[in-house]
Amino acid sequence: MESKLVIPTEGQAITVDQNNRLNVPNNPIIPYIEGDGIGVDVTPPMIKVIDAAVAKSYGGERKIHWMEVYSGEKATQVYGADTWLPQETLTAVKDYCVAIKGPLTTPVGGGIRSLNVALRQELDLYVCLRPVRYYNGTPSPLKNPELTDMVIFRENSEDIYAGVEYQAGTAEADKVIDFLKNEMGATKIRFEQNCGVGIKPVSKEGTERLVRAAIQYTIDNDRDSLTLVHKGNIMKFTEGAFKDWGYELAQKEFGAELLDGGPWCSFKNPKTGKEIIVKDVIADAFLQQILLRPAEYDVIATMNLNGDYISDALAAQVGGIGIAPGANIGDGVALFEATHGTAPKYAGLDKVNPGSLILSAEMMLRHLGWVEAADLVVKGMEGAIANKTVTYDFDRLMDDATLVSCSGFGDAIIDNF
Ligand SMILES: NC(=O)C1=CN([C@@H]2O[C@H](COP(=O)(O)OP(=O)(O)OC[C@H]3O[C@@H](n4cnc5c(N)ncnc54)[C@H](OP(=O)(O)O)[C@@H]3O)[C@@H](O)[C@H]2O)C=CC1
Ligand SMILES: O=C(O)CCC(=O)C(=O)O
Ligand SMILES: [Mg+2]
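Under an unreviewed UniProt entry, the name given to the chain is Isocitrate dehydrogenase [NADP], and the organism recorded is Paraferrimonas haliotis. Taken verbatim from the UniProt record of the chain, the Sequence similarities (unreviewed entry) comment is "Belongs to the isocitrate and isopropylmalate dehydrogenases family." Regarding the chain, the UniProt comment filed under Subunit (unreviewed entry) reads as follows: "Homodimer."

Draft legend 1. Representation of the sheet that holds strand β6 (residues 127–132) within the structure. What the 12 strands build is an open sheet, ordered β4-β3-β5-β16-β15-β6-β7-β14-β10-β13-β12-β11; its pairing is mixed. The outermost strands of the open sheet, each flanked by one partner alone, are β4 (65–68) and β11 (257–258). Here strand β5 (residues 98–101) pairs with strand β16 (residues 334–337) via 4 bridges, running parallel. By the bridge assignment, Lys 101 is partnered in β16 with Glu 337. Sitting on the sheet, helix α1 (residues 39–58) is in contact with β3 (29–33), β4 and β5, with an inclination near 165° to β4.

Draft legend 2. Geometry of the site of ligand 1. As a structural note, the neighbourhood of ligand 1 is formed by 23 residues, with Gly 341, Ala 343, Lys 345, Tyr 346 and Tyr 392 the closest of them. A distance of 3.5 Å separates an oxygen atom of ligand 1 from a polar side-chain atom of Lys 101. Relative to its unbound accessible area of 880 Å², ligand 1 is 68% covered by the protein chains. A class-by-class count of the residues in the shell around ligand 1 yields 8 nonpolar, 9 polar and 6 charged.

Draft legend 3. Just unusual backbone geometry, in detail. With omega at 5°, the peptide bond leading from Gly 262 into Pro 263 counts as cis. Residue Asp 222 is not a glycine yet carries a positive backbone phi of 50°. As for its placement among the helices and strands, Asp 222 is situated in the loop between α6 (204–220) and β10 (225–230). Judged by relative accessible area, which is 33%, Asp 222 ranks as partly exposed. Unusually for a residue other than glycine, Asp 400 sits at a positive phi of about 60°. Mapped onto the elements of the fold, Asp 400 is located in the loop between α12 (392–395) and β18 (402–403). The exposure class assigned to Asp 400 is exposed, which follows from its relative accessible area of 71%.

The rules behind these values
Residues numbered from 1 in each chain as written. Chains lettered and ligands numbered in written order. Predicted model: local features only at pLDDT ≥ 70, side-chain atom pairs only at ≥ 80, totals over all residues. Heavy atoms only, no water. UniProt positions renumbered as here; feature names shortened; annotations may be inferred. Pairing = 2+ DSSP bridges. Helix = DSSP H or I, 4+ residues; strand = E, 2+ residues; numbered from the N terminus. Contact = heavy atoms within 4.5 Å. Axes fitted to C-alpha atoms, helices over the stretch in contact; angles between N-to-C directions. Near = heavy atom within 4 Å. Polar contact = N/O pair within 3.5 Å; in protein donor to acceptor, adjacent residues only side chain to side chain. Areas by Shrake-Rupley, 256 points an atom, 1.4 Å probe, with all protein chains shown as cover. Nonpolar A, V, L, I, M, F, W, Y, C, P; charged D, E, K, R; others polar. Buried < 20%, exposed > 50% of the residue type's maximum accessible area, 1.4 Å probe, protein only.

If you want it as structure tokens, here you go:
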């Protein structure tokens, strides 16, 4: 198939060395997917804010060369019906090592459950990293929202997201149920005649690479604790195993020692000497404790579905998914993305909060090592919120705010650099 990509002539590709360390030129080419629904609203202000932050920080010495790549509805327009995720998009993200995307709708039919999940799985982006912090002045349902300061490491490649699922009433579902009953001795499947079945693979290798990345982050960023969040009391061999493998890895690879006979353990941060606690909590208890005692949690490692629920819940505590950033990270490849979806009712209205994608791009700048530009984006965001110049989602919860559009909020961030 003929390529639909226009490669910027003045830019250069980011590369990685054999240890997956980035080599970032001053003029990197960064592929971006605009996204469906409100993607058309949030992506242009993201690019404008990031370009302005880079220009102001480096005075023309550094510049991002953006390259549009396609997925979702726009891909079907560019490549033809039914092409939701072209191979050259996957290849570009892999080849250029760092990319960013807007939200994508799950296509109806077409055999793909979720384009977002497909991108993560095809590129083996096994860490979904979602930091959650409070910006002063943001409306929140909590009395002390500033106590919520957590970083979620969500396993991004397995769990029920593997898509091994059979529809009720089909020959496949009946066959799996037959197998479970007759060969595996399962006796507790109720109403087996019309019963869908899903499989939840959770592996030692998948758990270890996620927990390893989370502990390394805890060390590198001088954080206090790592909490494994799971429902292992019920799903003993999947979520329970995640917890056990996580603790084992902390001991085996980071020298953690049991506290009071375990299972909690701790080790000294090799960079700062500070003690890092490794602990666990059952997911339902965690969801009430993040409201009641958020200060007790810091870096979180959890499985795919728990991580999805937890990231929206925590985002709500500090202002909502309108400003909740994220990144999908693998070995040598990173795809930054907003936490929210396509919010179709707001598409094209220049209304929603672009903060989530802008802060995802801020994470991207930090990933490139362009910390001065990243710091400027944070400063601009803090200033815009402190001045109460906000989009509808904050405006409806604030007194005396100045309501601005999606693009207007991007401009307000730049005004506050
Ligand atoms: N990573 C991705 O690309 C994701 C894609 N999706 C997909 O998006 C589609 C819609 O999903 P849905 O469940 O409605 O979730 P959405 O996140 O799209 O929207 C839910 C609600 O969240 C609020 N919201 C979302 N984005 C913003 C924003 N930028 N600024 C302010 N408020 C915002 C709005 O709340 P209010 O109505 O109160 O104003 C909106 O109605 C589905 O196809 C889903 O699969 C979903 C999640 C992630
Ligand atoms: O792909 C989807 O539709 C959902 C993804 C999602 O909810 C998330 O990434 O948090
Ligand atoms: Mg989600």
